[in-house]
Amino acid sequence: MQSRLLTRETGDLSPRDFAQTITTQLLRSFAPAPQHRFNGEISARRDPLAIAERAHRIRAHVAGVSTLAVDKFDGRLLLSGGAEGAIKLWDLEACGNPHKLFTFRPVGTIPRATQDQSAAGHTHGITHLAFYPFDPDAFLSSAYDKKLKLWSTQTCALSASFDLNATIYSHSTSPIADHLLVAVATQHSNVRLVDLKSGSAVQALVAHGGPVLATAWSPRHEHLLVSGHSDGKARIWDIRRAGGVIGQLDQEDTLGICHKFNHATASGLNWDEMPHFRASATAHDEPVNGLQWTDDGRYIVTAGLDRHIRVWDAATGANTLASFGSVIQNQHVKTASLLLTPSSLATGNELLVWANDQEILLLDLHDGNVVTRLRSPAMTNPVGPRGGQMVGNRITSVAWRGAGGSGRVVGPVMGGGNSLGAIYSSHMDGQIRAWAPHISGSDDIDEEEEMDEDEETKKRKRKAVNDAYRSLMGKQITFT
């Protein structure tokens, strides 16, 4: 660190490069942050023994947390969707010191609506949540009740509702477009486009590949969209064209469309009359349930139920042959949650954050190497409210906390006002867990605070037990 400070002061290292070297180290030092807890109860209950506040008893959603979303502007607001159908809003800035034990409580709740009520909430489990890309004051939600809903963040009031008459897996909006189209992945083979401005499902991108499991808009071209289908194909669309698919990712193509064009030109063939892709081309051998672009639009990342993750050159469509080995777990027919770190955040390659069943993997996007493996220090497998054993703490979604000012990263910036960046994960056991970079020198402070808090808890428990025995036996018995 001292040598970097010296090179920065002498002008041999620019401030931006200096910041990137720091964030590079932080990205590779993520660790569990158990001091951050999420309790779904709005107000604390009277609990002298502090039993309800023990980490393994705290639940954000009793029935399990199915999805998360963090706003891209200030990194302050966190949305969580429960398997029971409720949506909760959390203020991440409520914690003053990120190294101190703190229990977050929801600042807003949209309860589940029952079939016989006129409530605005969803009637079934939440499948996906996303903030509006240009304004954190609005967010979208979808659920197994086949509805897509638009909400006001400040008031948790319903702004619009769309009944698509099909199970919705996920939805996406363009981060740069002037249009207000939402691409919706449903159990039907067509990609549904919902126009928030007109309030109708204006268009369907017709395909015949079974259910659509994922969609992703290009961060550079506002009319380009990629969709992942259950037939293993990743289709590329230009929503302005009525001709349908303009391309398909081909796992056997490592050269790309430029090579095909050069070959056709050298052979004297008319490129305009030739098919530009194989109709039978597939991106994966099994359904494609994960899609993401890098923020600079240079690469597309796909994940399939064949337990492979592939990286594609977005300009040519070529398979870069990045190999992540046999460590990848992906067996659930739902939209997979994957994150990519911003390209300008650190030196070297971007990192892929992958929810790998009961652990989080940070992988080098192009080398495929495992950089960090995150596992919860306390593995829980409680019994659910219906008596059946839940699926442990299987991770259902991951969310990245950053602060870009306008939603687009322009430099090495991590985290909100009280954090240097964080990853949040939702789990089937009902908990939301936090993961944060390790900061040098913070362990000693945490240990002292933990000792003080443990001693206070012990005193409170001893007093409660003493009072109970004194009331029962008529005399005071002191436990030491």
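Refer to the structure above for everything that follows.
Residues numbered from 1 in each chain as written. Predicted model: local features only at pLDDT ≥ 70, side-chain atom pairs only at ≥ 80, totals over all residues. Heavy atoms only, no water.

Caption draft 1: Representation of the overall build of the chain in the model. Check the secondary structure of the chain and you find four helices and 29 strands. Counting over 480 residues, the chain shows a buried share of 49%. Restricting the contact set of the chain to residue pairs at least 6 apart, pairs at least 24 apart contribute 53%. Of the roughly 22700 Å² of accessible surface on the chain, a fraction of 50% belongs to carbon and sulfur atoms. (Helix = DSSP H or I, 4+ residues; strand = E, 2+ residues; numbered from the N terminus. Buried < 20%, exposed > 50% of the residue type's maximum accessible area, 1.4 Å probe, protein only. Contact = heavy atoms within 4.5 Å. Areas by Shrake-Rupley, 256 points an atom, 1.4 Å probe, with all protein chains shown as cover.)

Caption draft 2: View of the pattern of salt bridges. Using the criterion set out here, one finds 10 salt bridges in the structure. Put simply, Glu93 and Arg401 hold a salt bridge, and the shortest N to O gap is 2.8 Å. On the criterion of sequence distance, the pair formed by Glu93 in the loop between β5 (87–91) and β6 (102–104) and Arg401 in strand β27 (residues 395–401) is long-range, its members being 308 residues apart. What makes Glu93 partly exposed here is its relative accessible area of 25%. For Arg401, a relative accessible area of 1% translates into the label buried. Glu359 is the partner of Arg373 in a salt bridge, and the nearest nitrogen-oxygen pair spans 3.3 Å. In this pair, Arg373 sits in strand β26 (residues 370–374) while Glu359 sits in strand β25 (residues 359–364), placing the two residues 14 residues apart along the sequence. The network of salt bridges with common partners includes Asp250, Glu252 and Arg278. (Salt bridge = Lys/Arg side-chain N within 4 Å of Asp/Glu carboxyl O.)

Caption draft 3: Structural detail: the sheet that holds strand β9 (residues 135–143). Taken in spatial order, the four strands line up as β8-β9-β10-β11 in an open sheet, and their pairing is antiparallel. Only two strands of the sheet have a single neighbouring strand rather than two, namely β8 (126–132) and β11 (158–163). Each strand axis lies, on average, 15 degrees off the axis of its neighbour in the sheet, ignoring direction. Summarising the sheet, β8 and β9 pair through six bridges and their orientation is antiparallel. Residue pairing in the sheet places Tyr132 in a bridge with Asp135 of β9. (Pairing = 2+ DSSP bridges. Axes fitted to C-alpha atoms, helices over the stretch in contact; angles between N-to-C directions.)

Caption draft 4: Focus on helix α2 (residues 15–27). Between the first and last C-alpha of α2 there are 18 Å, a value that for 13 residues agrees with the 18 Å anticipated at 1.5 Å per step. What α2 keeps buried is the set Phe18, Gln20, Thr21, Thr23, Thr24, Leu26 and Leu27. (Expected span 1.5 Å × (residues − 1).)

Caption draft 5: Broad picture of the sheet that holds strand β4 (residues 77–82). The four strands are arranged β3-β4-β5-β7 in an open sheet whose pairing can be described as antiparallel. With partners counted over all chains shown, the strands left at the sheet margins are β3 (65–70) and β7 (108–110), one partner each. Taking the axes of each pair of neighbouring strands and ignoring which way they run, one obtains an average angle of 20 degrees across the sheet. Pairing geometry for β4 and β5, over five bridges, is antiparallel. Note on β5: the bridge partner recorded for Ser80 is Lys88.

Remember that the coordinates give geometry; whether it matters functionally is a separate question.
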